[in-house]
Structure formats: C-alpha cells, structure tokens
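Given next are the chains, with one letter for each unit.
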Amino acid sequence: EEIVHNDNDNNNNGSDHPDVPSQVFIAAALINPEGDERAGEWVSIANYSAQELDLTGWTLSDSHRQPMSLSDTLAPGETLKLNPLQTEDGGKLLLANNGGNLTLRNPDGFIVDRVQWKKVASGRVTIFDPF
C-alpha cells in the first residue's frame, strides 16, 4: 500500500458549512488493479465525524468526466467502498495509472476533499492521508 497526502486546497473540509461534517474524506483507492482495469477500480469514502451523513446530492469527480452521484448513508466511523465508478454520463471515473485526481463535493458544490496521486504500481491500494 502507498500513503499519499491529500491535496486539499481548503483544509477546513467543509467546516464553514455547519450541516457538513468536517471529517469526511476520500480514504483509499485501487487505482491500478490487476486484471480488468475498469471492473477492479474502486474508491472509498470515510466518515470520521460523530454524526450520520446522507450522501444524497454529493458527487465524486475526476478532471475528465461527468461526476459520479452518491446516494448512500454513512454512519459515524464508517467507510463506503464505491465500485463500479459509474458517472452521470454513462461512463466511469478515470483513475489514471500514471497520475490523476479525484474531488469530493457536497450538495452545494463545495469541495470537501481533493486527492492526487502519481504513478501507481499494479495491484497496490493507495491510502490518502486526510491531514
């Protein structure tokens, strides 16, 4: 596994929105799976806040495709594994093996978390450090 520090331009993780937990982030991803790339890729979202979080209206996006709409509920301390990474335009998020980024936005479009990575070895899970 590889640990990557989040590239979070806004380190308050949404704290200026009182209804958005401040400890919700992109926790990990399998960017370069062995075998079928698209079927094996996944991303996990973690809720380290003390409150339940309804992800309805939240989106996860790369810099190339339409965003992926989220709709699950995350309990405090829970992590959600997203697979397949289906986007609103019928495609899939692009987790580029040679580097890329993902952005997590709340229903108001506010960036809650953003991560970047460089080239990733096949079969290795990338863990994104939220700090």
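Just above sits the structure.
Residues numbered from 1 in each chain as written. Predicted model: local features only at pLDDT ≥ 70, side-chain atom pairs only at ≥ 80, totals over all residues. Heavy atoms only, no water.

Novice: Looking at this model, I keep getting lost on the pairing of strand S10 (residues 111-118). Mind explaining?
Specialist: Side-chain direction in a regular strand flips from residue to residue, so the side chains alternate between the two faces of the sheet. With respect to burial, S10 is a largely interior element, 6 of its 8 residues being buried. As paired elements, strand S9 (residues 99-105) and S10 share 7 bridges and run antiparallel to each other. Bridge pairing in S10 places Arg105 opposite Ile111. The turn joining S9 and S10, which pair antiparallel and follow one another in sequence, is formed by 5 residues; a positive phi near 85° is taken by Gly109. (Buried < 20%, exposed > 50% of the residue type's maximum accessible area, 1.4 Å probe, protein only. Helix = DSSP H or I, 4+ residues; strand = E, 2+ residues; numbered from the N terminus. Pairing = 2+ DSSP bridges.)

Novice: What is the right way to read a negative patch on the surface from this model?
Specialist: On the surface, Glu52, Asp54, Asp72 and Glu78 cluster together to form a negatively charged patch. Among the structural elements, Glu78 can be located in the loop between strand S7 (73-74) and strand S8 (79-82). Residue classification places Glu78 among the partly exposed residues on the basis of a relative accessible area of 35%. (Patch = residues over 30% accessible without salt bridge, like charges linked within 9 Å, V, L, I, M, F, W, Y side chains within 5 Å. Areas by Shrake-Rupley, 256 points an atom, 1.4 Å probe, with all protein chains shown as cover. Salt bridge = Lys/Arg side-chain N within 4 Å of Asp/Glu carboxyl O. Lys, Arg positive; Asp, Glu negative; His and termini not counted. Charge placed at Lys NZ, Arg CZ, Asp CG, Glu CD.)

Novice: Looking at this structure, how should I read the side chain of Asn32?
Specialist: Looking at where Asn32 falls in the secondary structure, it is placed in the loop between strand S2 (24-30) and helix H1 (37-40). Classification of Asn32 as buried rests on a relative accessible area of 10%. Polar side-chain contacts of Asn32 include one of 3.3 Å to the side chain of Asn97. In terms of polar contacts, Asn32 uses its side chain to reach the backbone carbonyl oxygen of Val120, at 3.0 Å. Those residues in contact with Asn32 that sit more than four places away from it in its chain are Glu37, Asn97, Val120, Ala121, Ser122, Gly123 and Arg124. (Polar contact = N/O pair within 3.5 Å; in protein donor to acceptor, adjacent residues only side chain to side chain. Contact = heavy atoms within 4.5 Å.)

Novice: Even after reading the chapter, I still don't get the environment of Ser69, so can you show me in this structure?
Specialist: Counting through the fold element by element, Ser69 comes out in strand S6 (residues 68-69). Given a relative accessible area of 44%, Ser69 falls into the partly exposed group. Sequence separation of Ser69 and Thr87 is 18 residues, and the distance between their C-alpha atoms is 6.9 Å.

Novice: When you look at the sheet that holds strand S5 (residues 59-61) in this model, what are you seeing that I'm missing?
Specialist: The strand order across the open sheet built from 4 strands is S6-S5-S9-S10, with neighbouring strands paired in antiparallel fashion. Where the open sheet ends on each side, the last strands, each with one partner, are S6 and S10. Here S5 runs beside S9; their pairing, made up of 3 bridges, is antiparallel. Bridged to Thr59 within S9 is Arg105.

Novice: Explain the environment of Thr126 here, please?
Specialist: Looking at where Thr126 falls in the secondary structure, it is placed in strand S11 (residues 125-129). Placed 97 residues apart in sequence, Thr126 and Ala29 show a C-alpha to C-alpha distance of 5.3 Å.

So yeah, pure geometry; function would need other evidence.
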